[in-house]
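Per-entry structural report
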Amino acid sequence: MLPDLLKHSLRSFKRQASYVFINILGLSIGIACSLLIALYIINESTYDRYNVKSDRIFRTILDGKIGGQQLTVFSSPAILGPTLVKEFPEVEDFCRMSGMGATTVTYENQAFTEDDCIEADSSFFNIFSVPVLKGDPANLLNEPHKAVVSESTAKRIFGNEDPIDKQIKIGTDTTRFIVSGVMADIPEKSHFNANILTSFMTNRRSKDTQWMSNSFGTYLLLKPNTSYETVEAKFHDLLAKYVGPELEKYMGISLDEFLKQGNQYRFFLQNILDSHLDPSIQQQFKSAIDPKYLMIFGLVGILIVIIAAINFMNLATAQASRRAKEVGIKKVGGSTKSMLIFQFLTETFMLTLVALLLALIIVKITLPWFSSLLDVNLELSLLSAWYVIPALLLFACIVGLLAGCYPAFFMSSFNPYDVLKGSFKTGSRNGTLRRILVVFQFSVSILLIIGTMIMYRQIKYMVNKDVGFDKNNLIVIENAHTIGQKMKSFKEEIKATPGVVNISSSTAVPGRINNINGYGIEGRSEESYLMTTSWVDMDFIDTYGIELASGRFFDSTFSSDSAACLVNQAAIENFSITDLEKTRIVDPNNESINRTITGVMKNFNFESLRNPINPYIVKVQDKNMLWGYISIRLRDDNKAATIAAIEKVWSDFAPNTPMQYYFIDEDFEKMYTQERQNAKMAVLFSILAIFIATLGLFGLTSYTVEQRTKEIGVRKALGSSTAGIYIEISKEIFILVSISALIAWPLIYYWAGQWLTNFHFRIDPGLFSFIYGLLIAIVIAMATISFKVMKVARLNPSKSLKYE
């Protein structure tokens, strides 16, 4: 029976070759899209699963609110981990980690730039499942100035030499590091990268006992069968015991009094498996992604498959009259309804399997490009696990059922008496369903078109918005610490370089924040305020082009300016400062100084436009502050030659150390990499969704025109013009697309509004995006049907009337 059924199905396919081609093409593109999206979602959802103990590894997250400012950050005091292991029996081990930023590594007078250099405790290899290739895991980082390099880094720095016990210089540390081990490369799907690990105890602050100095990441390994809630419940008493005395010292109030004022200071635990999907936490290492995007693209993948399935349903039901006689004869010959359903579903499954094979080929070909677009390494390995192929076959069966179920039941229900008598009609219900399905397809298409336009408008707005300082022609040197005490003479030489407008050194620059500190205001002893902090030199304001709302900038002729500060307008507004001359900022980091405010800076965006402009304070940079950045403003012309001249000066001051620099405008654009990638994905899948929908519309129009060929001939014979016939046939499509827009508009207005809430500075979706979306859909739909309609409309009526 089955061989006969397959043979019959193949003959049926041959008779309807064009429609079969449309169905297979639409289904294969739909399945390919859904597979690509599935691969991306699986990739992003499976970070850190390489860790055998992942269910027991937790990060300590600081959740603070001071002076109305919320701060949720993966940061903790150095003393937290050792104290938890000592006082909490549920905690088995801890590991503190801190990124060192862009670092220069030198071996035998050969310098290498390393972005992924991390300080870590000796417990690193007990907590994380990173294989040690050389060395004793228990003793790799147990002493100061020990280092572990990754396998690829060892080859890059040492070549074929054995790296063990080799000495390397890291950063500006005058003491050489001893390579104590080699580890496997950190898996790509890890929330941190580390090509070099140095012993955490090398850091002079590793023994810091201050509880309110949160500078390091702390990981905890809980004991088996321990609930993390049990540990979290003990944090309040721990903080009262240790943080309370520091609050009393700096603010004169207890922790409970501090909390009753509406402030917040607590730690909570986050499982390591959740770290990559939580952008609400300020990260130390890789940026987290927003899981909303995964849900959005997952929904898009499902909708694209549904659109492809709708094409199949539309074309199958549209051609029902062609197969009516076949159904009638088979029923008279003894075929039951269930047998006919089985036949039609078998045909659908055959087409779906062919579409699946074609989709796998499409995925294989496009996967490298798709991976490059998203900056991830996606792989399609059919043999990676036993369940991959069965899962794909099950997916194909589900798509086949979705596409073929209604047509199978619809066509198997034909009455053989009406069919063979010649009085069979498919009925208005069938046509109504096809219209509903076309409306659904174009509603999805319009929704994607408008959504993509809004995403691109928001990205364009963020990139082009005036951020309150001149970010053009401004380069930032990251490894300023390399210059050390020679900073003054270095700046003088750079400033004398042709093509250089100005130069400044500072501990922070817009886009690169490294200090958020608590401050007080004289006379408000029980209140504390958070401000982003930067120590700057006298050229900072001029170099960045930041305007002052009032007052003046630091002046080297005023010795009192060393104890002064500038704040931004946000600080003035948030802290209700009304009289600058009488206001003194209490600096807990230097108890002997209550800082006067010499000036107020106009607000400028020092973070992503996702965030509001928070209070900002700048203080005079001490000559011993050797860390941070060097900012250089260039003239607009001949920048390449100017940078080459700057590098020449750099090499004189820091021989054998590469100058690591970036353009600040490009760095700001990188903040929106995820949005750019998602917008590109949205464009891609919008185009494919529209293509699939128009593919079905083309097939449906071809059939409709074919059915109405005689009617068109009669209309032409009675004097209708070609344009009149075109309008008559296409007006239904125009109406359906317009209805689709009315359905899509409120949905995308809501969803776009929800997405835009991620940005403090955002566009108004506006009316034109919605109108443009409708116009684009109408143009595409009209262009799709025009060829077939015009071809038949131009036929000689004599040929149209003879058409069968």
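If you're wondering where the values come from, they're calculated on a predicted model, not measured in any experiment.

A closer look at the overall build of the protein
For the protein, the count of helices and strands is 24 helices and 24 strands. The 804 residues of the protein split such that 52% are buried. Restricting the contact set of the protein to residue pairs at least 6 apart, pairs at least 24 apart contribute 80%.

Re the environment of Gln-660
Here Gln-660 shows up in the loop between helix 18 (639-653) and strand 24 (661-663). For Gln-660, a relative accessible area of 6% puts it in the buried group. On a C-alpha basis, the gap between Gln-660 and Glu-647 in space is 9.7 Å, while along the polypeptide they are 13 residues apart. Not counting residues up to four positions away in its chain, the partners in contact with Gln-660 are Ala-102, Thr-103, Thr-104, Thr-113, Val-476, Ile-477, Glu-478 and Asn-479.

Some details on the side chain of Lys-146
Relative to the helices and strands, Lys-146 resides in strand 8 (residues 146-150). Non-local contacts of Lys-146, meaning those with residues more than four positions away in its chain, are made with Asn-139, Leu-140, Leu-141, Phe-177, Ile-178, Ser-180, Leu-197, Thr-198 and Ser-199.

Some words on the packing of helix 3 (residues 80-87) against helix 7 (residues 235-251)
When two helices pack together, their arrangement is given by the angle between their axes and by how far apart the axes lie. Close contact between helix 3 and helix 7 brings their axes to 12 Å; oriented N to C, the two are set at 120 degrees. When the axes of helix 3 and helix 7 are compared, the pair comes out oblique. Our pair here, helix 3 against helix 7, has a crossing hand that is right-handed. Along the contact surface, helix 3 presents Leu-80, Thr-83, Leu-84 and Glu-87, while helix 7 presents Phe-235, Leu-238, Lys-241 and Tyr-242. For the contact of helix 3 with helix 7, the per-class residue count stands at five nonpolar, one polar and two charged.

Quick notes on the side chain of Asp-93
Within the fold, Asp-93 resides in strand 3 (residues 91-99). The side chain of Asp-93 is buried and forms no salt bridge, while Lys-53, the nearest opposite charge, is found at 7.3 Å. Looking at Asp-93, its side chain comes within polar contact range of the side chain of Asn-126, at 2.9 Å. Setting aside its immediate chain neighbours within four residues, Asp-93 contacts Val-85, Ser-123, Asn-126, Ile-127, Tyr-219, Leu-220 and Leu-221.

Here we look at the nonpolar core
With 120 residues, the main nonpolar core has Tyr-40, Phe-370, Tyr-544, Phe-685 and Val-737 as its most contacted residues. The element best represented in this core is helix 14 (residues 427-464), accounting for 13 residues. Those residues within four positions of Phe-370 in sequence are excluded, and the remaining contacts are Leu-36, Tyr-40, Leu-378, Met-681, Leu-684 and Phe-685. Counting residues in hydrophobic clusters, the runner-up holds 28 residues, among them Trp-211, Phe-235, Met-251 and Tyr-265.

A short note on the packing of helix 15 (residues 487-495) against helix 18
As a packed pair, helix 15 and helix 18 sit with axes 10 Å apart at the nearest point and diverge in direction by 155 degrees. Here helix 15 lies roughly antiparallel to helix 18, going by the angle between them. Judged by the sense of rotation from one axis to the other, the crossing of helix 15 with helix 18 is right-handed. For the pair formed by helix 15 and helix 18, the contact residues are Ser-489, Phe-490, Glu-493 and Ile-494 on the first element and Ile-646, Val-649, Trp-650 and Phe-653 on the second. A per-class count over the contact of helix 15 with helix 18 returns six nonpolar, one polar and one charged.

Structural notes on the pattern of salt bridges
In this structure the tally under the stated criterion is 21 salt bridges. The partner of Glu-90 in a salt bridge is Lys-234, and the shortest N-O contact between them spans 2.8 Å. Of the two residues, Glu-90 sits in the loop between helix 3 and strand 3 while Lys-234 sits in the loop between helix 6 (228-232) and helix 7, which places them 144 residues apart along the sequence. For Glu-90, a relative accessible area of 14% gives the class buried. Between Arg-552 and Asp-561 there is a salt bridge, with its nearest N and O atoms 2.9 Å apart. What emerges from the salt-bridge pattern is a single network uniting Lys-491, Lys-495, Asp-537 and Asp-539.

Some points on unusual backbone geometry
Even without glycine at this site, His-145 takes up a positive phi of about 60 degrees. Residue position: His-145 is located in the loop between strand 7 (132-134) and strand 8. For His-145, a relative accessible area of 18% corresponds to the buried category. If you check the backbone angles, Asn-473 has positive phi at about 55 degrees while not being a glycine. Note on placement: Asn-473 falls in the loop between helix 14 and strand 14 (474-477). For Asn-473, a relative accessible area of 15% translates into the label buried.

Overview of helix 18
Under the 1.5 Å per step criterion, the end-to-end length of helix 18 is 21 Å for 15 residues, consistent within 8% with the ideal 21 Å. Every buried residue of helix 18 is listed here: Thr-642, Ile-643, Ile-646, Val-649, Trp-650 and Phe-653. Buried residues of helix 18, viewed axially, fall in a sector of 115 degrees; they line one side. In this structure, the buried residues of helix 18 make contact with strand 14, helix 15, strand 15 (500-506), strand 23 (629-634) and strand 24.

Some words on helix 15
Met-487, Phe-490, Lys-491 and Ile-494 are the residues of helix 15 that are buried. The buried residues of helix 15 occupy one face: seen down the axis, they fall within an arc of 95 degrees. Opposite the buried face of helix 15, at more than 90 degrees from it, the exposed residues are Lys-488 and Glu-492. Buried residues along helix 15 sit against strand 14, strand 15, strand 23 and helix 18.

Here is what the cut-offs are and how they apply
- Residues numbered from 1 in each chain as written.
- Predicted model: local features only at pLDDT ≥ 70, side-chain atom pairs only at ≥ 80, totals over all residues.
- Heavy atoms only, no water.
- Helix = DSSP H or I, 4+ residues; strand = E, 2+ residues; numbered from the N terminus.
- Buried < 20%, exposed > 50% of the residue type's maximum accessible area, 1.4 Å probe, protein only.
- Contact = heavy atoms within 4.5 Å.
- Axes fitted to C-alpha atoms, helices over the stretch in contact; angles between N-to-C directions.
- Parallel < 35°, antiparallel > 145°, perpendicular 65-115°, else oblique.
- Left-handed = near helix turned anticlockwise from the far one by under 90°.
- Nonpolar A, V, L, I, M, F, W, Y, C, P; charged D, E, K, R; others polar.
- Lys, Arg positive; Asp, Glu negative; His and termini not counted.
- Salt bridge = Lys/Arg side-chain N within 4 Å of Asp/Glu carboxyl O.
- Polar contact = N/O pair within 3.5 Å; in protein donor to acceptor, adjacent residues only side chain to side chain.
- Core = buried A, V, L, I, M, F, W, Y, C linked by side-chain atoms within 4.5 Å.
- Expected span 1.5 Å × (residues − 1).
- Arc of directions from axis to C-beta.

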